[in-house]
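# Topology and contacts: notes
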Amino acid sequence: MFQKYKSAELVKPGGLDLKDRLVGVQRVTKVTKGGRAFGFSAIVVVGDEAGVVGQGLGKSKDVASAIAKAVEDAKKNLVRIPIIKGTLPHEQKGKYGGARVNIIPAAPGTGVIAGGAVRTVLEAVGVHDVLSKSQGSSNPHNVVKATFDALLQLRDANTIARDRGISLEKVFNA
């Protein structure tokens, strides 16, 4: 899922204090010749509120096992996100399907200004001060993936200096 991101650092769940947050549960229907078969799909975000986050999707005939499957899936997709003093290193846009998400670093004391699925992801990451705008589709699945797209494109100054092969001072004083 995260292969296209150069700076995506995959994390193993062992030893982390992960908290899971339910983004949404949908009842889905499959029509068969015997009538309608109902199931549930759950999308969950897990994070340690210190820069590690993952998202997962679970499907089952009952809600509890759909959520449990989603949590297991989320723990398999953990990534580290750079956080600087409780906010983001820079502004970033993300998109997935019809969903567009714009996340902007904010001054200390601002809080998390985000709605719905974006807020859940940013709180799980551990960002305390951020502004965001979600545009286009409000489908929680796509909004969560668009938020992850934006977060995975974030790079801190140390990463940029290492990638360019220059000193940290040259990044700021080109």
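Along each chain, residue indices are assigned from 1 in the same order as the chain's sequence is written. Totals for whole chains, interfaces and linings use all residues, but because this is a predicted model, local features are given only for residues with pLDDT of at least 70 and pairs of side-chain atoms are given and counted only at 80 or more. The side-chain quantities take in all heavy atoms of the structure and omit both hydrogens and water.

## Notes on the sheet that holds strand E8 (residues 112-113)
The pairing criterion for strands is at least two bridges between them, as found by DSSP. A run of H or I in DSSP counts as a helix once it spans at least four residues, and a run of E counts as a strand once it spans at least two, with each numbered from the N terminus. With mixed pairing, the four strands of this open sheet are ordered in space as E6-E7-E9-E8. The open sheet has two edge strands with one neighbour each: strand E6 (92-96) and E8. Of the strands in this sheet, E6, strand E7 (99-105) and strand E9 (130-136) touch helix H3 (residues 140-152), which is tilted by about 140° from E6. Two residues form a contact once any of their heavy atoms are found within 4.5 Å. The axes are straight lines fitted to the C-alpha atoms, using for helices just the contacting stretch, and the angles between their N-to-C directions are given from 0 to 180°.

## Concerning the pairing of strand E2 (residues 19-32)
The side chains of a regular strand alternate, residue by residue, between the two faces of the sheet. Two elements, E2 and strand E3 (residues 35-47), share 13 bridges in a ladder whose sense is antiparallel. Bridging from a neighbouring strand, leucine 22 pairs with valine 44 of E3.

## Some remarks on the pattern of salt bridges
Here, a salt bridge means any side-chain nitrogen of Lys or Arg that lies within 4 Å of a carboxyl oxygen of Asp or Glu. Counted by the stated rule, this structure contains four salt bridges. Residues lysine 19 and aspartate 17 are paired through a salt bridge, measuring 3.7 Å at the closest nitrogen-oxygen approach. Burial classes: relative accessible area under 20% of the type maximum marks a residue as buried, over 50% as exposed, and values in between as partly exposed (1.4 Å probe, protein chains only). A relative accessible area of 55% places aspartate 17 in the exposed class. Three or more residues joined by partner-sharing salt bridges are found here, namely Arg21, Glu49, Arg119 and Glu123.

## Thoughts on the UniProt feature "domain: S5 DRBM" (unreviewed entry) in the protein chain
UniProt positions are given in the numbering used here, feature names are shortened, and annotations may be inferred rather than shown by experiment. This chain's UniProt record puts "domain: S5 DRBM" (unreviewed entry) on residues 18-81. Between the C-alpha atoms that bound residues 18-81 the distance is 15 Å, and the span itself is 22% helix and 59% strand.

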